[in-house]
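Fold and geometry: a report
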Amino acid sequence: MDAQLTHLPVEMTHWVTSMLALGRAGEFSYDTRDPLAVTLIVETDGGRLVRWVFARELLTEGLAARAGEGDVALWPVDGPGGERSAFCLRLGSTRTALFEIPAEPVARWLAGTYALVARGTELDGVDWDVLVQPAE
């Protein structure tokens, strides 16, 4: 299969403290050559880019309910009318960053990734004989 890439630029809120929120530019990306993962790149104040790679399934689960532990955790945020308007993404274990990201564009983009590689077919076509070699 030829590699297919999809990107989603996002404007998100970086919650530095409960009283200080900063706008941040970010971008989700998906590459069919690594079908189990999504990447989030976040631009810092100094223009440096920080890259996080985590399971596509974790992002899917985190849009609907609390998901993840360790370095990546996600949970939905209800809007004023009770609809799921955003989700929170916590990155890091000792020094953490908390982001609030609009849910609708991410959910739409994520559905597009499943159109490229359907859930449950991510490992179809893997040549396990090549990957699993006896030790010499």
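The structure contained in this document is the topic of the report that follows.

Our next topic: the pattern of salt bridges. For the structure shown, the criterion picks out 6 salt bridges. Close ionic contact of E57 with R119 constitutes a salt bridge, the shortest N to O distance being 3.1 Å. Here R119 lies in the loop between helix 2 (103-116) and helix 3 (128-131) and E57 lies in helix 1 (residues 56-64), a separation of 62 residues in the sequence. Looking at E57, the relative accessible area reads 32%, which means it is partly exposed. Between R84 and D78 there is a salt bridge whose closest N-O contact spans 2.9 Å. Residue class for D78 comes out partly exposed when judged on its relative accessible area of 47%.

The subject of this paragraph is the sheet that holds strand 7 (residues 97-102). Sheet architecture is open: 7 strands sit in the order 4-3-2-1-7-6-5, paired in antiparallel fashion. The open sheet has two free edges, formed respectively by strand 4 (49-55) and strand 5 (72-78), since each of these has just one partner strand. Ignoring which end each strand starts from, the neighbouring axes of this sheet average 30 degrees apart. The sheet contact formed by strand 6 (residues 84-91) and strand 7 spans 6 bridges and is antiparallel. Bridge pairing in strand 7 links L91 to A97. In this fold helix 1 packs onto strand 2 (20-31), strand 3 (37-43), strand 4, strand 5 and strand 6, with an angle of close to 30 degrees to the strand it touches most, strand 5. Contacts from helix 2 reach strand 1 (5-17), strand 2, strand 3, strand 6 and strand 7 within the one sheet, and its direction differs from that of strand 1 by about 145 degrees.

This part covers the nonpolar core. F28, L59, F87 and V106 are the most contacted members of the largest nonpolar core, which totals 27 residues. Of all the secondary-structure elements, those providing two or more residues to this core are strand 1, strand 2, strand 3, helix 1, strand 5, strand 6, strand 7 and helix 2. The dominant element in this core, judged by the number of residues it contributes, is helix 2, at 5 residues. In contact with V106, other than residues within four places in its own chain, are L8, V10, F28, L59, L63, F87 and I101. In this structure, A73, W75, V77 and C88 belong to the second largest nonpolar core, which totals 5 residues.

Parameters at a glance
- Each residue is numbered by its place in its chain's sequence as written, counting from 1.
- Selection of residues for local features in this predicted model requires a pLDDT of at least 70, selection of side-chain atom pairs for listing and counting requires 80 or more, and totals for whole chains, interfaces and linings are taken over all residues.
- Side-chain figures throughout are based on the complete set of non-hydrogen atoms in the structure, without hydrogens or water.
- Here, a salt bridge means any side-chain nitrogen of Lys or Arg that lies within 4 Å of a carboxyl oxygen of Asp or Glu.
- Helix numbering and strand numbering both begin at the N terminus, where a helix is a DSSP run of H or I of at least 4 residues and a strand a DSSP run of E of at least 2.
- The classification of residues rests on relative accessible area computed with a 1.4 Å probe and restricted to protein chains. Under 20% of the type maximum is buried, over 50% is exposed, and intermediate values are partly exposed.
- Strands qualify as paired when DSSP identifies two bridges or more between them.
- Here an axis means a line fitted to C-alpha atoms, over the contact stretch when the element is a helix, while the angle between two N-to-C directions is reported on a 0 to 180 degree scale.
- Whether two residues are in contact is decided by their heavy atoms, any of which lying within 4.5 Å being enough.
- Throughout, nonpolar core names a set of buried Ala, Val, Leu, Ile, Met, Phe, Trp, Tyr and Cys residues whose side chains join them through atoms within 4.5 Å.

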